[in-house]
Amino acid sequence: MNHPNTVKCPTCEKKVIWDQLNHWKPFCSQRCEKIDLHGWITEQQYIKNIDS
């Protein structure tokens, strides 16, 4: 039996089917994608620089 791969949406942790039909992967929706993008734009999310 072929089960679809699922992942958790990084924003709301809802189960998301990982396939070509999901336009927002790894997010469950455009809303969650925009919430995540807002976090990066406003620097609430960032990758720490270990050199400084």
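This is a predicted model, so every value here is computed, not measured. (Residues numbered from 1 in each chain as written. Predicted model: local features only at pLDDT ≥ 70, side-chain atom pairs only at ≥ 80, totals over all residues. Heavy atoms only, no water.)

## What about the state of the cysteines?
If you walk through the whole model with that rule in mind, you get 0 disulfides. Considering cysteine sulfurs only, Cys-12 is the nearest to Cys-28, which forms no disulfide, with 3.6 Å between them. (Disulfide = S-S within 2.5 Å.)

## Concerning the UniProt feature "binding site: Zn(2+)" (unreviewed entry) in the chain
Sites flagged by UniProt as "binding site: Zn(2+)" (unreviewed entry) map to Cys-9, Cys-12, Cys-28 and Cys-32. These annotated residues cover 24 residues of sequence, and their C-alpha atoms lie no more than 8.2 Å from one another, placing them together at a single site. Excluding residues within four positions of it along the chain, Cys-12 makes contact with Cys-28 and Cys-32. Examined against the element boundaries, Cys-32 turns out to sit in helix H1 (residues 30-41). When sequence neighbours within four positions are dropped, the list of residues in contact with Cys-32 reads Cys-9, Thr-11, Cys-12 and Phe-27. (UniProt positions renumbered as here; feature names shortened; annotations may be inferred. Contact = heavy atoms within 4.5 Å. Helix = DSSP H or I, 4+ residues; strand = E, 2+ residues; numbered from the N terminus.)

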